[in-house]
Amino acid sequence: YDITQKVIMALADAESRAIIFSIVHKGKTAGDLSHALKIPLSSVYKKLIDLEYLTLIEVEKYLISDKGRRFKIYRSRINKAEIIIKKPEPVVLLSAN
């Protein structure tokens, strides 16, 4: 697959979309996303890795807990996506967040 096809697949996935939508305005940790969206934490981590690879999300900052654990705060890099279906290939237009 080319990158356009992978982005389309990610945007078509309900869990990936829910994650992107929930971090457009404010960054969240994987645990926050799992709790708020009722998605298993392992699934959230997998989706976050995929979305970060596609540069649809980014690590906004790191937090250190009182116990020394490091948490990533994820934020969407897009606030709008359009998929235009035309021959020979679909076009994906993304608006920066």
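Residues numbered from 1 in each chain as written. Predicted model: local features only at pLDDT ≥ 70, side-chain atom pairs only at ≥ 80, totals over all residues. Heavy atoms only, no water.

This next bit is on the packing of helix α2 (residues 14–22) against helix α4 (residues 41–53). Direction vectors running N to C along α2 and α4 enclose 75°, while the axes themselves pass 10 Å from each other. In terms of orientation, α2 lies roughly perpendicular with respect to α4. Mapping the contact onto sequence places Glu-15, Ser-16, Ile-19 and Ile-20 in α2 and Ser-43, Val-44, Lys-47, Leu-48 and Leu-51 in α4. Split by residue class, the contact of α2 with α4 holds five nonpolar, two polar and two charged. (Axes fitted to C-alpha atoms, helices over the stretch in contact; angles between N-to-C directions. Helix = DSSP H or I, 4+ residues; strand = E, 2+ residues; numbered from the N terminus. Parallel < 35°, antiparallel > 145°, perpendicular 65-115°, else oblique. Contact = heavy atoms within 4.5 Å. Nonpolar A, V, L, I, M, F, W, Y, C, P; charged D, E, K, R; others polar.)

For the rest of this paragraph, the subject is unusual backbone geometry. The residue Lys-38 is not glycine, and still its phi comes out positive at about 60°. Along the polypeptide, Lys-38 turns up in the loop between α3 (30–37) and α4. A positive phi angle, near 60°, is found at Thr-55, a position not held by glycine. Looking at the element boundaries, Thr-55 is found in the loop between α4 and β1 (57–64).

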